[in-house]
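Structural description and commentary
Spelled out from the first residue to the last, the chains are:
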Amino acid sequence: MTLSVLQYVLGAGAGSVVGFSLGLVGGGGSILAVPLIVYLVGVKDPHLAIGTSAFAVAANAAANLVNHARGGTVKWKIAGLFAGAGVIGALVGSTLGKAIDGQQLLALFAVLMLVVGALMIRGRSASGDATVLLTRQNAPKLIGTGTATGILSGFFGIGGGFLIVPSLMYSTRMPIYYAVGSSLVGVTAFGLTTAFNYALSGWVDWPLAFVFVGGGVVGGLFGSRLAKHLSDKKGALNSVFAALIFVVAIYMLYRSADALGFI
């Protein structure tokens, strides 16, 4: 489909919203990318929205990965094995996602958003073993959880950071700050794999993807700066953002049910 200039401007605005939310609350912010592209930008084909957002999320994760790598919070061997297994899963998941009706996929996506919102409210422990290494004991867990996470990430066209972080913590018992940094390797790899698979079917609008990324960079700068001032209110911010996710998810369920003829 051909988008108007206004839609590309809205795409940059949508990207700034996602970037701002990522900078402000961290993981989970990119879950808004698909609904914003569908309902704000006006991309009517859900598959095109998912393919485009997958690339945008991957690009955003790659930019954040550089910062975490400089800070030494990436366990490269662990992240590499997890991402390597997950890429295969993302290829399988994205192939399955392309075969499903777009409106049904959006309805399932809305259900996933409800899960994300619940996980954000729950929160996570910051404890763990900062000296953890890749071993024969944790390698099978990393391969198993990486593959499963990759399938879900590819199926829904999301980075999957909210799934990758707890998976890494479960598989290796690493602290959350290492899990967050290491998860970005997987988010980048899964997003690029999904975007590549969707691009083969013509379901990536590259100009929209790039303006979305550009807006995300600007929004992320403002979100990160504000997060520093509101660091003592992290729990409240997560709760507010989770409530926003719930509202968007319910709206998506309503629109999908209408489009599918249930109401």
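None of these values were measured; they are calculated from a predicted model. (Residues numbered from 1 in each chain as written. Predicted model: local features only at pLDDT ≥ 70, side-chain atom pairs only at ≥ 80, totals over all residues. Heavy atoms only, no water.)

1. A look at the overall build of the protein
A count of helical and extended segments in the protein gives ten helices and zero strands. Taken from the N to the C terminus, the helices and strands of the protein come in the order α-α-α-α-α-α-α-α-α-α. In summary, the protein has a C-alpha radius of gyration of 17 Å against a globular reference of 18 Å for 263 residues, a match within 12%. Each of the three principal axes of the protein carries a C-alpha extent, and together these read 50 × 40 × 35 Å. When burial is assessed residue by residue, the protein has 50% of its 263 residues classed as buried. In the protein, the proportion of contacts linking residues at least 24 apart, taken out of those at least 6 apart, comes to 85%. Carbon and sulfur atoms form 69% of the exposed surface of the protein, whose accessible area is close to 11900 Å². Here the protein holds 15 positive side-chain charges and 6 negative ones, and the gap between their average locations is 15 Å. (Helix = DSSP H or I, 4+ residues; strand = E, 2+ residues; numbered from the N terminus. Rg over C-alpha atoms; globule rule 2.2 N^0.38 Å. Buried < 20%, exposed > 50% of the residue type's maximum accessible area, 1.4 Å probe, protein only. Contact = heavy atoms within 4.5 Å. Areas by Shrake-Rupley, 256 points an atom, 1.4 Å probe, with all protein chains shown as cover. Lys, Arg positive; Asp, Glu negative; His and termini not counted. Charge placed at Lys NZ, Arg CZ, Asp CG, Glu CD.)

2. As for the nonpolar core
Residues Ile-31, Leu-32, Val-43, Phe-109, Met-113 and Leu-168 are the most contacted members of the largest nonpolar core, which totals 67 residues. If sequence neighbours within four positions are ignored, Leu-168 has contacts with Ile-78, Phe-82, Leu-142, Arg-173, Met-174, Ala-179, Ser-182 and Ser-183. (Core = buried A, V, L, I, M, F, W, Y, C linked by side-chain atoms within 4.5 Å.)

3. A short note on the packing of aromatic side chains
Summed over the entire model, instances satisfying the criterion amount to nine aromatic pairs. Where Tyr-177 meets Tyr-178, the ring centres are 4.9 Å apart and the plane angle is 40°; that geometry is what we call tilted. Tyr-178 sits in the buried class, given a relative accessible area of 16%. In this structure an aromatic cluster arises from ring pairing among Phe-55, Trp-206 and Phe-210. The ring of Tyr-178 is capped by Lys-75, whose NZ or CZ atom sits 4.7 Å from the centre of that ring. (Phe/Tyr/Trp six-rings, centres within 6.5 Å; stacked < 30°, edge-to-face > 60°. Lys NZ or Arg CZ within 6 Å of the ring centre and 35° of its normal.)

4. What about the packing of helix 3 (residues 46-70) against helix 9 (residues 206-229)?
Helix packing for two helices is described by the angle between their axes and how far apart those axes are. Axis separation between helix 3 and helix 9 bottoms out at 9 Å; the angle between their running directions is 35°. In this structure, the crossing between helix 3 and helix 9 has a hand that is right-handed. Contacts between helix 3 and helix 9 involve Thr-52, Phe-55, Ala-56, Ala-59 and Asn-60 from the first element and Trp-206, Leu-208, Ala-209, Phe-210, Phe-212, Val-213 and Gly-216 from the second. Each residue belonging to the contact of helix 3 with helix 9 can be placed in one class, and the counts come to nine nonpolar, three polar and no charged. (Axes fitted to C-alpha atoms, helices over the stretch in contact; angles between N-to-C directions. Left-handed = near helix turned anticlockwise from the far one by under 90°. Nonpolar A, V, L, I, M, F, W, Y, C, P; charged D, E, K, R; others polar.)

5. Comments concerning unusual backbone geometry
Of note in the backbone geometry, Arg-173 takes a positive phi value of approximately 65° without being a glycine. Relative to the elements of secondary structure, Arg-173 occurs in the loop between helix 7 (161-172) and helix 8 (176-200). For Arg-173, a relative accessible area of 63% gives the class exposed.

6. Examining helix 8
Between its terminal C-alpha atoms helix 8 stretches 36 Å, which fits the 36 Å expected from 25 residues at 1.5 Å a residue. Count one or two residues on from helix 8 and you reach Gly-202, which has phi positive near 80°. (Expected span 1.5 Å × (residues − 1).)

7. Overview of a nonpolar patch on the surface
A grouping of Phe-20, Val-217, Val-218, Leu-221, Phe-222 and Leu-226 is seen on the molecular surface, where their side chains present a nonpolar patch of about 530 Å² in accessible area. Here the element with the most residues in the nonpolar patch is helix 9; it accounts for five residues. Its place among the elements puts Leu-221 in helix 9. Look at Leu-221 and you get exposed, because its relative accessible area is 51%. (Patch = residues over 30% accessible without salt bridge, like charges linked within 9 Å, V, L, I, M, F, W, Y side chains within 5 Å. Salt bridge = Lys/Arg side-chain N within 4 Å of Asp/Glu carboxyl O.)

8. Things to note about the environment of Leu-230
You can see Leu-230 is positioned in the loop between helix 9 and helix 10 (234-259). Remark: the alpha-carbon pair of Leu-230 and Gln-103, spanning 127 residues in sequence, is separated by 38 Å.

9. Notes on the packing of helix 1 (residues 5-25) against helix 2 (residues 33-41)
Closest axis-to-axis distance for the helix 1/helix 2 pair is 10 Å, and the angle between their directions is 150°. Taken together, the axis directions place helix 1 and helix 2 in an arrangement best described as roughly antiparallel. Between helix 1 and helix 2 the crossing geometry is right-handed. On helix 2, the residues touching Gln-7, Leu-10, Gly-11, Ala-14, Val-17 and Val-18 of helix 1 are Ala-33, Leu-36, Leu-40 and Val-41. (Parallel < 35°, antiparallel > 145°, perpendicular 65-115°, else oblique.)

10. Quick look at the confidence of the model for the protein
Per-chain confidence: the protein averages 88 in pLDDT, with 96% of residues scoring 70 or above. Averaged over each element, pLDDT in the protein is lowest for helix 10 (84) and highest for helix 4 (residues 76-98) (96). (pLDDT = per-residue confidence, 0-100.)

11. Examining the environment of Leu-142
Looking at the secondary structure, you find Leu-142 in helix 6 (residues 139-156). Contact partners of Leu-142, with chain neighbours within four places excluded, come to Ile-78, Leu-81, Phe-82, Leu-134, Leu-168, Ser-171 and Thr-172.

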